[in-house]
Amino acid sequence: MAAPAPDREAARWISAFLEAQAAELDAARNTLLAYGRDLKDFASWLARRKLDFARATRADVEAYLVACDAEGLSRATRARRLSAIRQLYRLAYDEGWRAEKPAIQIAGPARAVHLPKVLTVEEVDRLLAAARASGRSPAEQIRNTCLMELLYATGMRVSELVTLPVAAARGDPRMLMVKGKGGKERMVPLSSPARAALAAWLATRDAAEEAARIEARQPPSRHLFPARGRDGHLTRQAFHGLLKDLAAAAGIAPARVTPHVLRHAFATHLLAGGADLRVIQTLLGHADVSTTEIYTHVLDERLRALELEHHPLARE
C-alpha cells in the first residue's frame, strides 16, 4: 500500500487505519467511531501547529497529551487517544509511511482504580420482578423478562445481548454462543429461569414474525430481539432506557442501574457463591484475568462493610 498523498494525508491515514482495525481485528463500530474522533482531534491539533502525521515527533505526541490533560479530559480518554495514536503509527511503520514509531515508548496516564458498582441479590430480584410486570402489552412483558433473565444469567455485554441472532436460541439450548469483542466467541450457560424466559419469548416473537410476514410481507428477522430501526434489532440506547424504567419500578435509584452494573452483579454474585475466578474470566470474555480480579476487591469491600455493620466489637 502506498503512502497517502500529502494533500489529504490525515484523512487517508485515518481511513486506512480504521479499515485495518475493522478488517484485521473486527473492531466494534463504537470502537472505530471513538478512534476516528480521537485521531481527527490529534490531526487538528497538529495542523494548528503546521504539522501532520508524517512529521510529528515523540515530543509532539507528548505535547498533545499534555494539552488533553489541560482540557480536563479523563485518564481513560487520554489513554484511549494514546492507544489510537500508537496503533496508527504502528500501521504507518508497517506500511512504510514512517521509518519509526514516535509514540511507542510514551507511557500512558496511570489508570484510576474504581471498584465496580454492584447490586445486591435482592435488588436484582426486584428488577426481574419489575420486568415481568412492565410493558405496554403481554408480549413486551415477556420480552423484557427474557432480556433481564439473559443478562443476569450470562453477564453479557449489552451490545452482545441486543445483537444475539435468533438461530443461537433455537432448540432450548443450555448454553448460548456469544460473539464478543474482537469477534471472539465464547459459550455462556443459561440458568433454568433464563431458559424458561427464552422459550416464552421465542414463541411470542415467532408468532409476531409470522403475522408480519403474512400481513405485511415482511421478511423474517435474524435477530432474537428484532426492531424496526436501521440496525434491525433493539438498540443499546433503547435497552438502557428500559433498564432505567425497570429500576424506578423496582424502587431502585435509576442512576445506580446500567447494563454494565448488571454484568458486575453477575460476576460478583458468582464469586460470592464460590465460583473460580478463571471460570468467571471465561464467562465474561476477559482477555486477561487481571481484569476479572477487580471483583475480588469488590467482594472484600462488601465483607468489610458487613463486618463493620454486624460485628459487636465494631459497634460503639
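Up top is the structure these notes are about.
Residues numbered from 1 in each chain as written. Predicted model: local features only at pLDDT ≥ 70, side-chain atom pairs only at ≥ 80, totals over all residues. Heavy atoms only, no water.

(A) Fine view of helix α9 (residues 236–249). Taking 1.5 Å as the rise per residue, α9 with 14 residues should run 20 Å; its terminal C-alpha atoms sit 20 Å apart, in good agreement. Every buried residue belonging to α9 is among F239, L242, L243, L246 and A247, and all of these are buried. The buried residues of α9 all sit within an arc of 140 degrees when viewed along its axis, so they share a single face. Every exposed residue of α9 that faces more than 90 degrees away from the buried side is listed here: Q237 and D245. Residues of α9 that are buried in the fold lie against α5 (121–133), α6 (138–154), α7 (158–162) and α10 (259–272). Two residues or fewer after α9 comes G251, characterised by a positive phi angle close to 75 degrees. (Helix = DSSP H or I, 4+ residues; strand = E, 2+ residues; numbered from the N terminus. Expected span 1.5 Å × (residues − 1). Buried < 20%, exposed > 50% of the residue type's maximum accessible area, 1.4 Å probe, protein only. Arc of directions from axis to C-beta. Contact = heavy atoms within 4.5 Å.)

(B) View of the nonpolar core. Counting 42 residues, the largest nonpolar core has L127, M148, L150, L161, L224, F225 and F239 as the members making the most contacts within it. Counting only elements with at least two residues in this core, the list comes to α5, α6, α7, β1 (175–179), α8 (192–216), α9 and α10. Formed by 27 residues, the second largest nonpolar core is a distinct cluster that contains F42, W45, F53 and A103. (Core = buried A, V, L, I, M, F, W, Y, C linked by side-chain atoms within 4.5 Å.)

(C) Here's a closer look at the packing of helix α2 (residues 29–47) against helix α3 (residues 58–70). At a minimum axis separation of 11 Å, α2 and α3 run at an interaxial angle of 110 degrees. Relative to α3, α2 is oriented roughly perpendicular. Contacts between α2 and α3 involve D38, D41, F42, W45 and L46 on the former and, on the latter, D60, V61, A63, Y64 and A67. Residues that form the contact of α2 with α3 fall into these classes: seven nonpolar, no polar and three charged. (Axes fitted to C-alpha atoms, helices over the stretch in contact; angles between N-to-C directions. Parallel < 35°, antiparallel > 145°, perpendicular 65-115°, else oblique. Nonpolar A, V, L, I, M, F, W, Y, C, P; charged D, E, K, R; others polar.)

(D) Region of the structure containing the packing of α6 against α10. Here α6 crosses α10 at 45 degrees, and the two axes come no closer than 7 Å. With respect to α10, the element α6 is oriented oblique. Together, M148, L151, Y152, A153 and T154 of α6 and P259, L262, A265, F266 and H269 of α10 make up the contact between the two elements. Looking at the contact of α6 with α10 residue by residue, the classes come out as eight nonpolar, two polar and no charged.

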